[in-house]
Amino acid sequence: MRLTIAYCKAAYPERWKDAAFERIWNSYYRRVLYFIRVSFNAREADDLAQEVMAKVFEKLDAYDGRHAFSTWIYTLARNHCIDHVRKRRLAHIELPEHVRALADTERDVIARDEDREVAKALTALTADEQGISFLAFGERAPYRRIGEIYRMPLHTVKNRVHAIRTKLKDRLRRTYET
């Protein structure tokens, strides 16, 4: 992405951010959305992903190239989601059970049985475990990059991924044995 930003600065000196951002949006919006969707419902994830992309545009000058561009974006997304959860906890309103059930059934109707069980197993994980599992299993991100995003050493990432894989296997095995 450094090359794209440098190219856009040279080719479009007056509006380089707009030109670079269009390319960034096309390359990363869907990936950011899926990263966030692991922990939030579809509507909320879409709103958060758009907010993250707006932050990317605002902070594009701050990208220094020390880490991969995707690491920088996923870190922005992770931090934004953490802030969102903190704000939501402060203004939390308990919804009636039937309203929560309606939101759940929409997702259940769309998903196949296996997908539902995997989704249940994933929701049983903590928010960090969900993000790590998305990066490790969905994005197939290198463990080094996951460590940069979550600010943990490589051996810790390896241990966490192994523990997550074991948790998911055990949960799914119990589900299908009954």
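Residues numbered from 1 in each chain as written. Predicted model: local features only at pLDDT ≥ 70, side-chain atom pairs only at ≥ 80, totals over all residues. Heavy atoms only, no water.

### Observations regarding the packing of helix H2 (residues 16–37) against helix H7 (residues 127–138)
- Two elements in contact, H2 and H7, have axes separated by 8 Å at closest approach and are oriented at 140 degrees. Viewed along their axes, H2 and H7 adopt a mutual orientation that is oblique. On H7, the residues that touch Arg31, Tyr34 and Phe35 of H2 are Gly131, Phe134 and Leu135.
- Tallied by class, the residues present in the contact of H2 with H7 amount to 4 nonpolar, 1 polar and 1 charged. (Axes fitted to C-alpha atoms, helices over the stretch in contact; angles between N-to-C directions. Helix = DSSP H or I, 4+ residues; strand = E, 2+ residues; numbered from the N terminus. Parallel < 35°, antiparallel > 145°, perpendicular 65-115°, else oblique. Contact = heavy atoms within 4.5 Å. Nonpolar A, V, L, I, M, F, W, Y, C, P; charged D, E, K, R; others polar.)

### Remarks on the pattern of salt bridges
- Under the defined criterion, the tally for this structure stands at 6 salt bridges.
- Arg78 is paired through a salt bridge with Asp128; the nearest N and O atoms lie 3.8 Å apart. Of this pair, Arg78 sits in helix H4 (residues 69–90) while Asp128 sits in helix H7, and the two are 50 residues apart along the sequence.
- Residue classification places Arg78 among the buried positions, given a relative accessible area of 14%.
- Among the ionic pairs, Arg144 bridges to Glu148, the shortest N-O distance being 3.1 Å. One end of the pair is Arg144 and the other is Glu148, both in helix H8 (residues 143–150) and 4 residues apart, which spans about a single turn. (Salt bridge = Lys/Arg side-chain N within 4 Å of Asp/Glu carboxyl O. Buried < 20%, exposed > 50% of the residue type's maximum accessible area, 1.4 Å probe, protein only.)

### What to know about the packing of aromatic side chains
- For the structure on display, the rule yields 9 aromatic pairs.
- Judged by centre distance (4.9 Å) and plane angle (85 degrees), the rings of Tyr63 and Phe69 are edge-to-face. Side by side, Tyr63 and Phe69 carry an identical accessibility label, which is buried.
- Ring centres of Phe69 and Trp72 lie 5.4 Å apart, and the angle between their planes is 40 degrees; on these two criteria the pair is classed as tilted. With Phe69 and Trp72 both in helix H4 and 3 residues apart, the pair spans about one turn of that helix. Comparing Phe69 with Trp72, the two get one shared label, buried.
- By the ring-pair criterion, three or more aromatic residues cluster together here, those being Phe21, Trp25, Tyr29 and Phe57. (Phe/Tyr/Trp six-rings, centres within 6.5 Å; stacked < 30°, edge-to-face > 60°.)

### Looking at the environment of Asp47
- With respect to the secondary-structure elements, Asp47 resides in helix H3 (residues 42–58).
- Taking C-alpha positions, Asp47 is 9.0 Å from Leu33, a pair spaced 14 residues apart along the chain.

### Some thoughts on the packing of H2 against H3
- Packing of H2 against H3 brings their axes to within 9 Å, and their N-to-C directions diverge by 145 degrees. Both H2 and H3 take part in a crossing whose hand is right-handed. Residue-level inspection shows Lys17, Asp18, Phe21, Ile24, Trp25, Tyr28, Tyr29, Val32, Leu33, Ile36 and Arg37 of H2 in contact with H3, the latter providing Ala42, Ala45, Asp46, Leu48, Ala49, Gln50, Val52, Met53, Val56, Phe57 and Glu58.
- Each residue belonging to the contact of H2 with H3 can be placed in one class, and the counts come to 16 nonpolar, 1 polar and 5 charged. (Left-handed = near helix turned anticlockwise from the far one by under 90°.)

### Some details on the nonpolar core
- Among the nonpolar cores identified, the biggest contains 42 residues, and Ile24, Ile36 and Leu135 are the most heavily contacted of them.
- Listed by contribution, the elements that provide at least two residues to this core are H2, H3, H4, H7, H8 and helix H9 (154–177).
- Broken down by element, the residue count for this core peaks at 10 residues, all from H2.
- Residues in contact with Leu135, not counting those within four places in the same chain, are Phe35, Tyr74, Arg140, Ala141, Ile146, Ile149 and Tyr150. (Core = buried A, V, L, I, M, F, W, Y, C linked by side-chain atoms within 4.5 Å.)

### A short note on unusual backbone geometry
- Its identity is not glycine, yet Arg140 carries a phi of approximately 55 degrees, on the positive side.
- In this structure, Arg140 sits in the loop between H7 and H8.
- Phi at Arg151 takes a positive value of approximately 55 degrees, unusual for a residue other than glycine.
- Considering the arrangement of structural elements, one finds Arg151 in the loop between H8 and H9.

These figures come from the coordinates and say nothing about function on their own.
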